[in-house]
Amino acid sequence: MNFSIRKADTNDCILIRELASQIWGPTYQSILSPEQLDYMFEMMYSTEHIKQQMAELGHQYFIVYTGDWPVGYLSIEKESDNNYIFQKIYSLPELHGKGAGRYMIEQGISYLKTIHPSPFTIELYVNRENPAVGFYEHMGMKKTATRDHDIGNGYFMNDYIMTINIE
């Protein structure tokens, strides 16, 4: 399958939310309660929150396409001088196993190499019950820690912190 990617801007907040609405439930319905899914979706994917991440917090979003069809998105945050976080790597469920995730990771790394030519580290927070943990390991990421992040309303994000060092 052929993919393309482009940088997103604040005009894409609605598109990102629409993609998330198609991806979020199928990705997490077997891991999180319906109440936590709804809470987290509204917290993370309001158009205002996405816009704030882009405009104020410096997150760079990318939209992935196959042909003219938007099929996924990637979000990258600079955490410190030599550390970046892949905040979001999501593709439509029907594309799982078809190369979209690999493409996003590879394109994210390529982008970071253009803005940060020296060695750096990428982190990714992955729910410990997410079957994608194995995929990320296959892509060269290592589990380096766990975190239980309080997101409010009695909910936690129970994640592995996965990292990859880029030379």
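Structure: see above.
Since we're looking at a predicted model, the values are computed, not measured.

## Topic: the overall build of the protein chain
- A tally of helices and strands in the protein chain yields 5 helices and 7 strands.
- The helix and strand sequence of the protein chain, counted from the amino end, reads β-α-α-α-β-β-β-α-β-α-β-β.
- Over its C-alpha atoms the protein chain spans a radius of gyration of 15 Å, differing by no more than 12% from the 15 Å that the globule rule assigns to 167 residues.
- The principal-axis extent of the C-alpha atoms belonging to the protein chain is close to 40 × 40 × 35 Å.
- Averaging the positions of the 13 positive and the 21 negative side-chain charges in the protein chain gives two centres separated by 6 Å.

## Considerations on the packing of aromatic side chains
- Here the structure, examined in full by the defined rule, presents 13 aromatic pairs.
- With a centroid separation of 4.7 Å and 55° between ring planes, the pair formed by Trp-24 and Tyr-28 is classed as tilted. Of the two residues, Trp-24 and Tyr-28 both sit in helix H1 (residues 13–28), 4 residues apart, roughly one turn of that helix. When sorted by exposure, Trp-24 lands in the same class as Tyr-28, which is buried.
- An aromatic cluster is defined as three or more aromatic residues linked by ring pairs; in this entry it consists of Trp-24, Tyr-28, Phe-41, Tyr-45, Tyr-73 and Tyr-90.
- Over the face of the ring belonging to Tyr-160 we find Lys-143, whose NZ or CZ atom lies 4.5 Å from the ring centre.
- Sitting over the ring of Tyr-125, Arg-147 keeps its end group 3.9 Å from the ring centre.

## What to know about helix H2 (residues 34–45)
- Here H2 spans 16 Å end to end across 12 residues, near enough to the 16 Å set by a 1.5 Å rise per residue.
- Restricting attention to buried positions, one finds in H2 the residues Gln-36, Leu-37, Met-40, Phe-41, Met-44 and Tyr-45. Buried positions in H2, seen along its axis, are confined to an arc of 130° and lie on one side of it. More than 90 degrees from the buried face of H2, the exposed residues found are Glu-35 and Asp-38.
- For H2, the secondary structure elements touched by its buried residues are H1, helix H3 (47–55), strand S3 (69–80), strand S4 (83–91), strand S6 (142–152) and strand S7 (155–166).

## Digging into the pairing of S4
- Where burial is concerned, most of S4 is hidden: 8 out of the 9 residues are buried.
- Sheet analysis places S3 next to S4, joined by 8 bridges and oriented antiparallel. Note on S4: the bridge partner recorded for Ser-80 is Asn-83.
- Counted along the chain from S3 to the antiparallel partner S4, the turn is 2 residues long.
- Two strands pair when backbone bridges link them, and S4 and strand S5 (residues 120–127) are joined in this way by 4 bridges, in the parallel orientation. Bridged to Phe-86 within S5 is Leu-124.
- Each parallel crossover has a hand, and the one from S4 via helix H4 (residues 100–115) to S5 is right-handed.

## Quick look at the sheet that holds S6
- Spatially, 7 strands are ordered S1-S2-S3-S4-S5-S7-S6 in an open sheet, and the strand pairing comes out mixed. Strands with a single pairing partner mark the edges of an open sheet, and in this sheet they are strand S1 (4–7) and S6. Taking each pair of neighbouring strands and ignoring which way they run, the sheet shows an average axis angle of 30°.

## Observations regarding the pattern of salt bridges
- Summed over all chains, the structure comprises 6 salt bridges.
- Where Arg-147 meets Asp-159, a salt bridge forms, and the shortest distance between an N and an O atom there is 3.0 Å. On the criterion of sequence distance, the pair formed by Arg-147 in strand S6 and Asp-159 in strand S7 is long-range, its members being 12 residues apart.
- Overall, Asp-159 belongs to the buried group, its relative accessible area being 3%.

Procedures and definitions
- Residues numbered from 1 in each chain as written.
- Predicted model: local features only at pLDDT ≥ 70, side-chain atom pairs only at ≥ 80, totals over all residues.
- Heavy atoms only, no water.
- Helix = DSSP H or I, 4+ residues; strand = E, 2+ residues; numbered from the N terminus.
- Rg over C-alpha atoms; globule rule 2.2 N^0.38 Å.
- Lys, Arg positive; Asp, Glu negative; His and termini not counted.
- Charge placed at Lys NZ, Arg CZ, Asp CG, Glu CD.
- Phe/Tyr/Trp six-rings, centres within 6.5 Å; stacked < 30°, edge-to-face > 60°.
- Buried < 20%, exposed > 50% of the residue type's maximum accessible area, 1.4 Å probe, protein only.
- Lys NZ or Arg CZ within 6 Å of the ring centre and 35° of its normal.
- Expected span 1.5 Å × (residues − 1).
- Arc of directions from axis to C-beta.
- Contact = heavy atoms within 4.5 Å.
- Pairing = 2+ DSSP bridges.
- Right-handed = clockwise from strand over helix to strand, strands pointing away.
- Axes fitted to C-alpha atoms, helices over the stretch in contact; angles between N-to-C directions.
- Salt bridge = Lys/Arg side-chain N within 4 Å of Asp/Glu carboxyl O.

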